[in-house]
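Spelled out from the first residue to the last, the chains are:
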Amino acid sequence: MHDVVDLRSDTVTQPTPEMREAMARAEVGDDVWEEDPTVKRLEALAAERLGKEAGLLVTSGTQGNLVSVLALTEPGQEVLVDQDSHLFNYEVAGAARLGGLQMRPLPTPRGFLSPEQVREALRPADIHLPRTGLVAIENTHNRHGGTCCTPEAIAAVAEVAHAAGVPVHLDGARLFNAAVALGRPARDFARAVDSVTVCLSKGLGAPVGSVVCGSAAFIARARRIRKMLGGGMRQAGIIAAAGIVALERMVDRLAEDHANARALAEGLARLPGLAVDLGRVETNIVIVRVLRPGGVEELVQGCAARKVRIHAIGPGAIRCVTHKDVDAEDIARAVEAFREITRAWAAR
């Protein structure tokens with residue numbers, strides 16, 4: 001049990017003692033000159049895990065997505081995305097501002113484009129229309145509550161896109177959560193796509209960094225774009241060392257986070273004034289719908305007063321995310337904090 005139960009995000013995790021030890025001992029060099037042996041080891045390890053030729057260390061998932069999108073498209077093209085995707089909602093319109101790209105958001109029931117949607121949305125040859133330049137998929141899906149897309153569903157979308165000569169990018173910030181939840185190797189999810197980004201600093205617990213993986217030719221383009229964006233790092237092996245520990249030690253334990261999320265979701269679903277779609281709780285994210293007007297603010301403030309931190313994602317919803325620094329006792333404390341607040345609602 002921890003003094004403060006922080007459920008705002010899995011980005012709040014602290015590096016493990018093993019990570020700190022690895023960072024202190026890391027062999028380093030200048031990564032812009034491609035001379036950092038620890039970075040090279042991390043990139044090769046990530047590429048092997050994802051079944052790709054090469055990898056590239058980037059500072060964040062947002063930078064990884066932007067580098068990938070810019071490496072796969074040309075200005076003036078259109079990118080097909082789910083309307084609730086991170087790429088469309090939370091990346092400061094970087095692809096539009098820096099890539100001259102138009103986003104085409106499409107509604108989906110669980111966060112994942114279908115092959116039929118992609119087929120219908122592909123632009124025909126017409127001088128009035130932008131060319132479709134990319135299809136982007138997010139797995140797991142943040143705003144849809146950590147839902148998972150199977151490798152077969154990804155492959156079906158990629159088949160339609162590739163038949164039209166359109167590449168596919170996989171925003172796999174929490175891809176290892178999907179792999180653990182569905183009991184499939186991570187490489188299965190990445191097999192059909194042209195680029196994939198995975199985050200090391202969410203559930204895997206590293207302090208910073210993501211890795212982009214793809215073909216050697218793609219990574220060569222992505223490396224140049226990373227430099228253009230100011231993402232070239234020097235003795236980055238200190239960061240990469242923690243990422244190696246994350247990939248080697250922290251993947252299997254994600255199942256604990258999923259179990260804690262399920263316990264949290266089931267506990268909150270029983271409380272008055274709250275609604276949780278248990279069918280969407282597949283990994284480590286729980287979306288709580290608050291039925292009481294003004295209830296979100298009351299819950300955020302009331303939980304904070306009880307040393308439980310949660311995150312509002314709109315006027316009627318709260319997101320809770322489990323991670324390695326939240327245990328079963330913390331989950332019980334969080335449920336009790338919600339219970340005390342909702343019990344007061346019923347008494348008014």
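1. Overview of the sheet that holds strand β9 (residues 274–275)
Thought 1: The sheet built from 4 strands is open, its strands ordered β9-β10-β13-β12 with antiparallel pairing. The open sheet is flanked by β9 and β12 (311–314), the only strands paired with a single partner.
Thought 2: Pairing between β9 and strand β10 (residues 285–290): 2 bridges, direction antiparallel. The residue bridging Ala275 from the neighbouring strand is Arg289, located in β10.

2. A short note on the sheet that holds strand β6 (residues 168–172)
Thought 1: In space, the 7 strands of this open sheet follow the order β2-β8-β7-β6-β5-β3-β4, with mixed pairing throughout. With one partner strand each, in any of the chains shown, β2 (54–58) and β4 (102–106) form the two edges of the open sheet. Each adjacent strand pair in this sheet contributes to an overall mean axis angle of 20°, direction not counted.
Thought 2: Pairing analysis gives 3 bridges linking strand β3 (residues 78–82) to strand β5 (residues 132–138), with the strands arranged parallel. Bridge pairing in β5 links Val79 to Leu134.
Thought 3: Packed onto the sheet, helix α10 (residues 216–228) meets β2, β7 (195–199) and β8 (210–214) and runs at close to 20° relative to β2.

3. Description of the side chain of Asn260
Thought 1: The residue Asn260 is located in helix α12 (residues 254–269) in this model.
Thought 2: The residues contacting Asn260, other than those within four sequence positions of it, are Thr322, Val326, Asp327, Ala328 and Ile331.

4. A look at the pairing of β7
Thought 1: Burial of β7 is extensive: 5 of the 5 residues sit out of reach of the surface.
Thought 2: Side chains Ser195, Thr197 and Cys199 project from β7 onto one buried face, and the interleaved Val196 and Val198 project onto a second face that is buried too.
Thought 3: Relative to β7, β6 runs parallel, the two being bridged by 4 bridges. Across the sheet, residue Asp171 finds its bridge partner in β7, namely Thr197.

Rules used throughout
- Residues numbered from 1 in each chain as written.
- Predicted model: local features only at pLDDT ≥ 70, side-chain atom pairs only at ≥ 80, totals over all residues.
- Heavy atoms only, no water.
- Pairing = 2+ DSSP bridges.
- Helix = DSSP H or I, 4+ residues; strand = E, 2+ residues; numbered from the N terminus.
- Axes fitted to C-alpha atoms, helices over the stretch in contact; angles between N-to-C directions.
- Contact = heavy atoms within 4.5 Å.
- Buried < 20%, exposed > 50% of the residue type's maximum accessible area, 1.4 Å probe, protein only.

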